[in-house]
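Structural overview for review
Next come the chains, spelled out residue by residue.
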Amino acid sequence: MSYCDLALHTDKYQINMMYAHWKNGTHNRKTVFDAYFRKLPFAGGYAVFAGLKRIVEYVEQICFKEEDLAYLAAQPERYDQAFLNELRKFRFAGSIYAVREGTIVFPNEPLIRVEGRVFETQLIETALLNFMNYQTLIATKASRIKQTSPADVFLEFGSRRAQEADAAIWGARAAYIAGFAATSNVRAGKLFGIPAVGTHSHSWVQMFPSELEAFLSFARACPDHVTLLVDTYDTLKSGIPNAIQAAKILAEEGIRLKSVRLDSGDLAYLSIKAREMLDQAGLRDVKIIASNDLDEDTIFHLKAQGCRIDMWGVGTHLITAQDQPSLGGVYKLAAKENGGVFEPTIKISANPEKVTTPGIKEVYRIIGGKSGKAEADYIALTEEDDVKQGKRIKLFDPVHPYLKKWISDYVAVPLLDPIIVNGERTGELPDLAEIRNHHQRQIGLFWPEYLRRLNPEIYPVDLSQKTWDLRMEMIKTVTGQ
């Protein structure tokens, strides 16, 4: 997939700031930015990081084409030709450190750290957040849905309701990371190696003189993957009886009915009755698939009502993250070069949650030595050694510092891996299967109370004492208080 047309996939103020830096001779000044989000989506207890693949490929391929430069030359800012020449030779030569895709993540911890000239770190902000925010949101939604019934099979059916083509394919990939088994989107299947699945629509049944004839014709055309949609007319009086009759006829031809699909009505009641009818007909191995505006809440309640659904096709609510259609990811300056060395920076706000944490930081996942479970995430300045050496550290809540404990029996797992260093990839990114497996391992790393769908326990994201002291000192310096 080519990204060479995405140089202008940025906000105008990025170009204007780049121009102003160039005019002032500060465009080569080194900077460090953190990308993170402030609040968990869906009132949940965790999020699932996704989007890194697209970010890396975008950063590696970004360049300004002649038509891009011609467009900028016509803008009312009247950019100098020498500036446009600087853009013509633009290539990203900075560094990116990032959390692995599929990792469970939390608010206010850096998910991506970008280091480089302000000329390049400023340009990539918009696209980086665009890719991270959407895919992390969809991966989180998919994980929440999957965790309602981990043993069931979930299918991504959202393409026709997605916000355009890119959302459909990258949303399908994000859902697959979080445990969905397949997608209905054939292009996503081709691009990412995700299993692509599909049956037939109601219009197929309507095209034939009878529902039975429609079922037989479809099964004979696609004999290896026979799933029949049984609610075109009447699920229990027509659809299921015709599917059973078709299964018996097809069995004599060596074709097996694999599943039936319910797409409307009372899915709990219909699935229970359909299961009874199928079992009585000796079709105990035929699975029941359900679709129709499903989300984690609906699925949870259907399971509570004793539904007999084996597979779930989830579309609109997943691909659009309908109950929260955006993730509030931000990209904030953490340090800037001054006299050849980096100095920390801070943003102060009247909204306390918007005050940033200064300095170049690492993020560690603290795993209890006895429990083997995640105890907290720990943000420390890169120069700190105590956590790297496994020394005794204090975990305390940065909002309520009196909530604290000391820990010495732990393993500190760094979360920010070097992905690109000085413009060069450090190695191949994990393939999608490994990312998916990594997410599953992550689920097992956390106590269930942090992952539950309703009223989850708040997972601790703590600052080291030095990071906390730096933040407090800079707040005091800037505010004069």
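Okay, so let's go over this structure.

Conventions used here
- Residues numbered from 1 in each chain as written.
- Predicted model: local features only at pLDDT ≥ 70, side-chain atom pairs only at ≥ 80, totals over all residues.
- Heavy atoms only, no water.
- Helix = DSSP H or I, 4+ residues; strand = E, 2+ residues; numbered from the N terminus.
- Contact = heavy atoms within 4.5 Å.
- Areas by Shrake-Rupley, 256 points an atom, 1.4 Å probe, with all protein chains shown as cover.
- Lys, Arg positive; Asp, Glu negative; His and termini not counted.
- Charge placed at Lys NZ, Arg CZ, Asp CG, Glu CD.
- Buried < 20%, exposed > 50% of the residue type's maximum accessible area, 1.4 Å probe, protein only.
- Pairing = 2+ DSSP bridges.
- Axes fitted to C-alpha atoms, helices over the stretch in contact; angles between N-to-C directions.
- Expected span 1.5 Å × (residues − 1).
- Core = buried A, V, L, I, M, F, W, Y, C linked by side-chain atoms within 4.5 Å.
- Arc of directions from axis to C-beta.
- Salt bridge = Lys/Arg side-chain N within 4 Å of Asp/Glu carboxyl O.

Another point: the overall build of the chain. The number of helices and strands found in the chain is 17 helices and 21 strands. For the chain, the spread of C-alpha atoms along the three principal axes comes to 80 × 60 × 40 Å. Taking the intrachain contacts of the chain between residues at least 6 apart in sequence as the baseline, contacts between residues at least 24 apart amount to 74%. When the accessible surface of the chain is totalled, it reaches about 21500 Å², and 51% of it is carbon and sulfur. When the 58 basic and 60 acidic side-chain charges of the chain are each reduced to a single mean position, those positions are 2 Å apart.

This part covers the pairing of strand β14 (residues 361-368). The buried count for β14 comes to eight of eight residues, which makes it a mostly enclosed element. Burial along β14 is two-sided: the residues Lys361, Val363, Arg365 and Ile367 and Glu362, Tyr364, Ile366 and Gly368 are all buried. Bridge count between β14 and strand β15 (residues 374-381): seven bridges; the pairing is antiparallel. Bridging from a neighbouring strand, Ile367 pairs with Ala374 of β15. Between β14 and β15, which follow one another and run antiparallel, lie five residues, and Gly372 among them has a positive phi close to 70 degrees. As paired elements, β14 and strand β18 (residues 410-414) share five bridges and run antiparallel to each other. By the bridge assignment, Ile367 is partnered in β18 with Val411.

Before going further, it helps to examine the sheet that holds strand β7 (residues 182-183). Strand order in the open sheet formed by six strands is β7-β6-β11-β10-β9-β8, with parallel pairing between adjacent strands. Taken across any chain shown, the strands that pair with only one partner, and hence form the sheet edges, are β7 and β8 (226-229). Examined bridge by bridge, β8 and strand β9 (residues 257-262) share four bridges and lie parallel to one another. Its bridge partner being in β9, Thr227 is matched across the sheet by Ser259. Here helix α11 (residues 235-251) sits on the sheet in contact with β8 and β9, set at roughly 170 degrees to β9.

A rise of 1.5 Å per residue sets the reference length of helix α7 (residues 165-177), with its 13 residues, at 18 Å; its end C-alpha atoms lie 19 Å apart and thus fit the reference within 8%. Burial analysis of α7 places eleven of its 13 residues in the buried class, the great majority of the element. Positive backbone phi, approximately 120 degrees, marks Gly179, located one or two places after α7.

Strand order in the open sheet made by the seven strands is β13-β12-β1-β5-β3-β19-β20, with antiparallel pairing throughout. Looking at which strands have only one partner, the edges of the open sheet turn out to be β13 (341-344) and β20 (424-425). Bridging between strand β1 (residues 30-37) and strand β12 (residues 329-338) involves seven bridges; their strand directions are antiparallel. Note that in β12 the partner of Phe33 across the bridge is Leu333.

Counting 133 residues, the largest nonpolar core has Phe83, Ile112 and Trp312 as the members making the most contacts within it. Considering every element that reaches this core, the biggest residue donor is helix α6 (residues 125-147), with eleven residues. Ignoring any residue separated from it by four or fewer positions in sequence, one finds Trp312 in contact with Asp152, Val153, Phe154, Leu155, Ala290, Leu294, Ile299, Leu302, Lys303 and Cys307.

Here we come to helix α3 (residues 66-73). Among all positions of α3, only Asp68, Leu69 and Leu72 are buried. In a view along the axis of α3, the buried residues occupy a sector of 95 degrees, so they form one face of it. Buried positions along α3 lie against α1 (12-24) and α4 (81-88).

What follows deals with the pattern of salt bridges. Two side chains bearing opposite charge may form a pair once their charged atoms approach each other closely. As enumerated under the stated definition, the model contains 31 salt bridges in all. Put simply, Lys65 and Glu67 hold a salt bridge, and the shortest N to O gap is 3.6 Å. Across the pair Lys141 and Asp323 runs a salt bridge whose closest N-O atoms are separated by 2.8 Å. Note that Lys141 is positioned in helix α6 and Asp323 in the loop between α14 (316-319) and β12, a separation of 182 residues in sequence.

Geometric values such as these leave the question of function open.
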